[in-house]
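Residue-level structure breakdown
Each chain, written out:
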Amino acid sequence: MNTDIQILDMPLDINACINWVMAPECGGIDVFIGTVRNHTKGKSVLRLEFEAYERMALKEMDKIAKEMLQCWPLHKIAMHHRVGILGVGEVPVVIAVSAAHRDAAFDACRYAIDTLKETVPIWKKEIFEDGEVWVAAHP
Amino acid sequence: MKVLAFGIVKEIFSGSSIDLEFDNELTVADVKRKLETQYPKLKALASYAVAVNDEYAENDLVIKDNDEVAIIPPVSGG
């Protein structure tokens, strides 16, 4: 098995993702770590609430990983997404990709986070001091 | 027929699922039409998709009894 895909309701273990993809035959590991930003459009964000349609989200994440393995010569992929309530600076997503050569790892990792944001059924609500909003819900 | 809701759609439905009357030959487009009549706020969303059995479904897909149907508002993971 060369993919590790999980949705978790506890803090993500960045080092575990990196260690899992690391291998002697790899020349590099590319890691994307998403973090909760403290502002959106000039407003202070207090926290984010993430929710997933878990079974479908895992399926869509698995599709992304399969596409990555088809398009680039990769060794391993770890893709972990967190759900629940996250404070500023906490980590909702970690994607680690290992490959023999760095170009494949960089390109595949970028593809993974870009596609995850477009297709995987996970939603976040931003909580401000004076209200809350489901991100991207309205035009 | 149970229709699952996520994200902002839970607020529009006032719950995590609703019951919709099932009849034969019901397509994804029919479900959207029925829901939009019952819940006009769906039309104000940037977009939304329907998933049938954990897969994004096209408008012409015919829904079978016991299929799991879910409304997928614009996703915002990551």
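Quick notes on the rules
All residue numbers refer to positions counted from 1 along the written sequence of the respective chain. Written order determines the labels here, with chains lettered from A and ligands numbered from 1. Predicted model: local features are reported for residues with pLDDT of at least 70 only, side-chain atom pairs are reported and counted for 80 or more only, and whole-chain, interface and lining totals are derived from all residues. Side-chain measures were taken over the full set of non-hydrogen atoms in the model, leaving aside hydrogen atoms and water. Going along the chain from the N terminus, every DSSP run of H or I of four or more residues is numbered as a helix, and every run of E of two or more is numbered as a strand. With the radius of gyration taken over C-alpha atoms, the globule rule is written as 2.2 Å times the number of residues to the power 0.38. Under the scheme applied here, a residue whose accessible area is under 20% of the maximum for its type counts as buried, over 50% as exposed, and between as partly exposed, the area being computed with a 1.4 Å probe on protein chains only. We call two residues in contact whenever any of their non-hydrogen atoms come within 4.5 Å of each other. Computed by Shrake-Rupley with a 1.4 Å probe, the accessible areas treat only the displayed protein chains as cover when residues are assessed. When charges are counted, neither His nor the chain ends are considered; positive counts come from Lys and Arg and negative counts from Asp and Glu. Every charge is mapped onto a representative atom, which is NZ of Lys, CZ of Arg, CG of Asp or CD of Glu. The term buried area means the drop in 1.4 Å probe accessible area that two parts suffer when joined, counted for both and summed. Put simply, a salt bridge is a Lys or Arg side-chain nitrogen that is within 4 Å of an Asp or Glu carboxyl oxygen. For the purposes of these results, a polar contact is taken to be a pair of N or O atoms within 3.5 Å, where, inside protein, one atom must be able to donate a hydrogen and its partner to accept one; residues adjacent in sequence count only when each atom of the pair is a side-chain atom. Think of it as three bins: nonpolar holds Ala, Val, Leu, Ile, Met, Phe, Trp, Tyr, Cys and Pro, charged holds Asp, Glu, Lys and Arg, and polar takes everything else, Gly as well. DSSP-based pairing: two strands are paired if at least 2 bridges between them are found. Simply put, an axis is a line fit to the C-alpha atoms, just over the touching stretch for a helix, and the angle between two N-to-C directions goes from 0 to 180 degrees.

1. Quick word on the overall build of chain A
- Broken down by element type, chain A carries 3 helices and 9 strands.
- Taken from the N to the C terminus, the helices and strands of chain A come in the order β-α-β-β-β-α-β-β-β-α-β-β.
- Relative to the globule expectation of 14 Å for 139 residues, the C-alpha radius of gyration of chain A, 16 Å, shows essentially globular dimensions.
- On the principal axes, the C-alpha backbone points of chain A span a range of 50 × 25 × 25 Å.
- By the burial criterion, 47% of the 139 residues in chain A qualify as buried.
- A separation threshold of at least 6 residues defines the contact pool for chain A, and within that pool the share at least 24 residues apart is 76%.
- Approximately 7100 Å² of chain A is accessible, and the part contributed by carbon and sulfur atoms is 52%.
- Each charge sign in chain A was given a centre, from 15 positive and 20 negative side chains, and these centres are 3 Å apart.

2. A look at the interface of chain B and chain A
- Taken together, the contact between chain B and chain A spans 23 residues of the former and 30 residues of the latter.
- Contact with chain A buries surface across chain B, with B:Asp54, B:Ser76 and B:Gly78 losing the most and accounting together for 28% of the total.
- At the junction of chain B and chain A, the tally comes to 7 salt bridges.
- Taking the shortest distance from any N to any O, the salt bridge between A:Arg55 and B:Asp54 comes out at 2.9 Å.
- Summed over the shared surface of chain B and chain A, the number is 19 residue pairs in polar contact (both at pLDDT 80 or more).
- Only helix 1 (8-13), strand 4 (55-56) and strand 5 (69-72) of chain B provide two or more residues apiece to the side of chain B that touches chain A.
- Broken down by element, the side of chain B that touches chain A gets its largest block of residues, 3 residues, from helix 1 of chain B.
- Broken down by class, the residue content of the side of chain B that touches chain A amounts to 13 nonpolar, 5 polar and 5 charged.

3. Topic: the pairing of strand 1 (residues 2-5) of chain B
All names here are of chain B.
- Both strand 1 and strand 2 (residues 17-19) contribute to a ladder of 3 bridges, which runs antiparallel. The partner of Lys2 across the bridge, within strand 2, is Asp19.
- Pairing of strand 1 with strand 5, which is carried by 3 bridges, proceeds in the parallel orientation. Paired with Val3 across the bridge in strand 5 is Val69.

4. Points about the sheet that holds strand 5 of chain B
All names here are of chain B.
- In spatial order, the strands read 2-1-5-3-4; together these 5 strands make up an open sheet with mixed pairing. A single partner strand is all that each edge strand has here, and the edge strands are strand 2 and strand 4.
- Across 4 bridges, the pairing between strand 3 (residues 49-52) and strand 5 is antiparallel. Looking across to strand 5, one finds that Val52 is bridged to Val69.
- Along the sheet face, helix 2 (residues 28-38) touches strand 1, strand 2, strand 3 and strand 5 and points at about 125 degrees away from the line of strand 3.

5. A short note on the pattern of salt bridges
- According to the stated counting rule, one finds 16 salt bridges over all chains in the structure shown.
- The partner of A:Asp130 in a salt bridge is A:Lys43, and the shortest N-O contact between them spans 3.6 Å. Pair noted here: A:Asp130 is in the loop between strand 8 (122-128) and strand 9 (131-134) and A:Lys43 is in strand 4 (residues 43-52), with a separation of 87 residues, a long-range link.
- Here A:Asp130 falls in the exposed class, since its relative accessible area comes to 62%.
- Look at A:Lys43 and you get partly exposed, because its relative accessible area is 36%.
- When the shortest N-O distance is used, the salt bridge between B:Asp54 and A:Lys59 registers 3.9 Å.

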